[in-house]
Amino acid sequence: MRALVTGASQGIGRATALRLARDGSDVAVHYRAHAAEADAVVDQVRTMGRDSFPLRADLADLSSIDALTRQLQAHWDTLDVLVHNAGSYPRQSFSKTRDSDFEEQLRIHAVGPASLTRHLLPLLRRSVSGRIVFVSSVLAFEGSRRGSPYATAKAAQLGLARSLARELAPGITVNVVAPGAVDTAVLAADSAQQREERARQIPAGRIGTADEVAAAIAFLASPTATYITGATIPVNGGLRMG
Ligand SMILES: NC(=O)c1ccc[n+]([C@@H]2O[C@H](COP(=O)([O-])OP(=O)(O)OC[C@H]3O[C@@H](n4cnc5c(N)ncnc54)[C@H](OP(=O)(O)O)[C@@H]3O)[C@@H](O)[C@H]2O)c1
């Protein structure tokens, strides 16, 4: 199995890259800015006996996707798993947003993944069990009080995932994992009090871990998940049900 995980230098992407490697996949480790961290993930995957290499691209810059694809193709001519995980969650009130904030978030979460998927389709179609997994957010469904560009882009991403699930079937499954609050750099700015308040709102009584999200992604990415497509698995400790 060969997998590409976007945004794998840290957080959920890093946990997913390591989990897929542990499950027996070779893993291409995409990152944007944290090269040393991405190299460390590559080293860890190689330590598990799997092939791995880093790939750099800013998904907000659509012109970088051609180069990303060419770099991947220099290593592999097939791809089994594509995990669209890369993302950022800038927070500001709606009145302070600019049109460019919306455009950037849409590029990172929807247009970039659409472009990357299109570029990699010939490789995915060569797989006997092509898998695409999008990392969404509970905010795609609920909206965000201080992150309207992000919530808008995550909702657009959901439309993309479901459209691809229809259009790429049969042959390639396309599914979504929608985390709630997960302990990564995204929540690093929260105070201890904000974290406690967050945890109180979650039936599980705590913030989730990147490994818990990676486990759901790994299941959807596995060859055993043959009859699941267009589905969304919430990984949110019960924060949002249904
Ligand atoms: N943590 C949460 O509470 C939470 C909740 C719901 C959904 N999510 C979603 O989960 C995914 C991963 O988030 P995380 O919490 O693991 O965040 P994280 O620790 O901040 O990691 C984000 C990853 O995405 C990459 N990235 C960010 N902007 C990028 C861009 N413009 N182009 C390419 N790569 C970019 C980063 O690369 P560099 O570090 O190398 O720049 C990094 O590898 C995101 O899609 C996020 O929306 C997270």
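The coordinates are above.
Overview of the structure. All figures in this text were calculated on a predicted structure; none of them were measured in a lab. (Residues numbered from 1 in each chain as written. Predicted model: local features only at pLDDT ≥ 70, side-chain atom pairs only at ≥ 80, totals over all residues. Heavy atoms only, no water.)

Side note on the sheet that holds strand β1 (residues 2–5)
Our working rule: Should DSSP find at least two bridges between two strands, the strands are taken to pair. Helical segments are the DSSP runs of H or I of at least four residues, strand segments are the runs of E of at least two, and each set is numbered from the N terminus. Whenever a helix is involved, its axis is fitted only over the stretch in contact; in every case the axis is a line through C-alpha atoms, and angles between N-to-C directions fall within 0 to 180 degrees. We call two residues in contact when some of their heavy atoms are within 4.5 Å.
An order of β3-β2-β1-β4-β5-β6-β7 is seen for the seven strands of this open sheet, with the pairing classed as parallel. Of all the strands in the sheet, the pair left with one neighbour each is β3 (52–56) and β7 (232–235). Shown here is a sheet whose adjacent strand axes are inclined to one another by a mean of 20°, direction ignored. Judged from the four bridges that link them, strand β6 (residues 172–179) and β7 form a sheet pairing that is parallel. Residue Val176 lies in a different strand from β7, and its bridge partner there is Thr232. Running over the sheet, helix α1 (residues 11–22) touches β1, β2 (26–31), β4 (81–84) and β6 and is turned about 175° from β1.

What to know about the site of the ligand
Defined as follows: The criterion for a residue being near a molecule or strand is simple. One of its heavy atoms has to lie within 4 Å of it. Any pair of nitrogen or oxygen atoms within 3.5 Å is treated as a polar contact; in protein, a donor-acceptor pairing is required on top of that, and neighbouring residues in sequence qualify only through side-chain atoms on both sides. Note on areas: Shrake-Rupley with a 1.4 Å probe; residue coverage comes only from the protein chains shown. For this classification, the nonpolar set comprises Ala, Val, Leu, Ile, Met, Phe, Trp, Tyr, Cys and Pro, the charged set comprises Asp, Glu, Lys and Arg, and every other residue, Gly included, is treated as polar.
Ser9, His34, Asn85, Tyr150 and Thr184 are the nearest of the 32 residues found near the ligand. Between the ligand and Gln10 there is a distance of 2.8 Å, counted from an oxygen atom to a side-chain nitrogen or oxygen. Taking Arg32, its side chain carries an N or O atom lying 3.0 Å from an oxygen atom of the ligand. Protein chains shield 96% of the accessible area of the ligand, which is 900 Å² for the free molecule. Those elements that provide at least two residues to the shell around the ligand are α1, β2 and α6 (148–167). Partitioning the shell around the ligand into residue classes produces 17 nonpolar, twelve polar and three charged.

Considerations on the side chain of Ser64
In this fold, Ser64 is placed in helix α3 (residues 64–75). Within the structure, Ser64 has its side chain in polar contact with the backbone oxygen of Asp58 (distance 3.0 Å). Non-local contacts of Ser64, meaning those with residues more than four positions away in its chain, are made with Ala57 and Asp58.

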